[in-house]
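# Breakdown of the fold
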Amino acid sequence: MELPPRRSRDDEPIGPELEQFEKGIIDMTGMIEQDDALCDVIYDAIGEAQEDNGIVPEWGARTLARALADERDDPFSGALHHYAITGRADRAALLRELAEFSNPPHDDLAQEWAGWLEAYVRNLPDKDR
């Protein structure tokens, strides 16, 4: 399957102005490459978790899911992508995909982020969202 081309934040916007993202908005679909913005939000969420109960907030969990989905061979399918876009979590599917990050070729940062998201997923209420 051919994946759609991803766009950089530096590309000229296309489409009607009303459909364009404002600066500072995170594109949870993964169509716009925004690694720096994702990192900023993720580190804010991790900082909040470290100061509070050790669990990232929901907005941080969804951003982690987007960043980790972007690391997969197909960033536009799977439980991580679905959760990033919708906020609805399939706990078992998310945990399966997160387990993939414990092995190479994933780097230490992806493994750390997967650990933060796994802690969040494991603390979800019993009923999937």
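Here is what the cut-offs are and how they apply
Note on numbering: residues in each chain are counted from 1, in written sequence order. Since the coordinates come from a predicted model, pLDDT governs what is reported: local features require at least 70, and pairs of side-chain atoms require 80 or more to be given and counted, while whole-chain, interface and lining totals use all residues. With hydrogens and water stripped out, all remaining heavy atoms of the structure feed into the side-chain values. Only buried residues count toward a nonpolar core. Its members are Ala, Val, Leu, Ile, Met, Phe, Trp, Tyr and Cys residues joined through side-chain atoms within 4.5 Å. Type-normalised accessible area, obtained with a 1.4 Å probe on protein chains alone, sets the label of each residue: buried when under 20%, exposed when over 50%, and partly exposed for intermediate values. Only DSSP runs of H or I covering at least 4 residues are called helices, and only runs of E covering at least 2 are called strands; the numbering of each starts at the N terminus. The contact rule is simple, with two residues in contact once any of their heavy atoms fall within 4.5 Å. Lines fitted to C-alpha atoms define the axes, with helix axes restricted to the stretch in contact, and inter-axis angles between N-to-C directions lie between 0 and 180 degrees. Any angle that is under 35 degrees is reported as roughly parallel, and any over 145 degrees as roughly antiparallel; angles of 65 to 115 degrees are reported as roughly perpendicular and all others as oblique. Gly counts as polar in this scheme, as do all residues outside two lists: the nonpolar Ala, Val, Leu, Ile, Met, Phe, Trp, Tyr, Cys and Pro, and the charged Asp, Glu, Lys and Arg. We define a salt bridge as a side-chain nitrogen of Lys or Arg found within 4 Å of a carboxyl oxygen belonging to Asp or Glu. Working rule for handedness: look at the near helix, and if it is turned counterclockwise from the far one by less than a right angle, call the crossing left-handed; if clockwise, right-handed.

## Some thoughts on the nonpolar core
The biggest cluster of nonpolar side chains holds 33 residues, and the ones touching the most others in it are Val56, Leu68, Leu80, Leu117 and Tyr120. In terms of residues, this core owes the most to one element, helix 5 (residues 108–122), which gives 7 residues. Residues within four places of Leu68 in sequence aside, it is in contact with Leu80, Leu98, Phe101, Ala110, Trp113, Ala114 and Leu117.

## A closer look at the packing of helix 3 (residues 79–86) against helix 4 (residues 91–99)
Contact geometry for helix 3 and helix 4: axes closest at 8 Å, N-to-C directions at 120°. Relative to helix 4, the element helix 3 is oriented oblique. Along its contact with helix 3, which presents Ala79, Leu80 and Tyr83, the element helix 4 presents Ala93, Leu94, Glu97 and Leu98. Looking at the contact of helix 3 with helix 4 residue by residue, the classes come out as 6 nonpolar, no polar and 1 charged.

## Here we look at the pattern of salt bridges
Applying the stated criterion to the full structure yields 4 salt bridges. Residue Glu97 is joined to Arg72 by a salt bridge in which the shortest nitrogen-to-oxygen separation is 3.4 Å. Within this pair, whereas Glu97 is found in helix 4, its partner Arg72 is found in the loop between helix 2 (58–71) and helix 3, the two being separated by 25 residues in sequence. One exposure class covers both Glu97 and Arg72, and it is buried. Between Glu118 and Arg122 there is a salt bridge, with its nearest N and O atoms 2.8 Å apart. Of this pair, Glu118 and Arg122 both sit in helix 5, 4 residues apart, which is roughly one turn of that helix. Owing to a relative accessible area of 28%, Glu118 belongs among the partly exposed residues under this scheme.

## Regarding the packing of helix 2 against helix 5
The packing of two helices is summarised by the inter-axis angle and the distance between the axes. Between helix 2 and helix 5, whose axes approach to 10 Å, the crossing angle comes to 140°. One finds that helix 2 runs oblique with respect to helix 5. Taken as a pair, helix 2 and helix 5 cross one another with a handedness that is left-handed. Along its contact with helix 2, which presents Glu58, Ala61, Leu64, Ala65, Ala67 and Leu68, the element helix 5 presents Ala110, Trp113, Ala114, Trp116, Leu117 and Tyr120. Looking at the contact of helix 2 with helix 5 residue by residue, the classes come out as 11 nonpolar, no polar and 1 charged.

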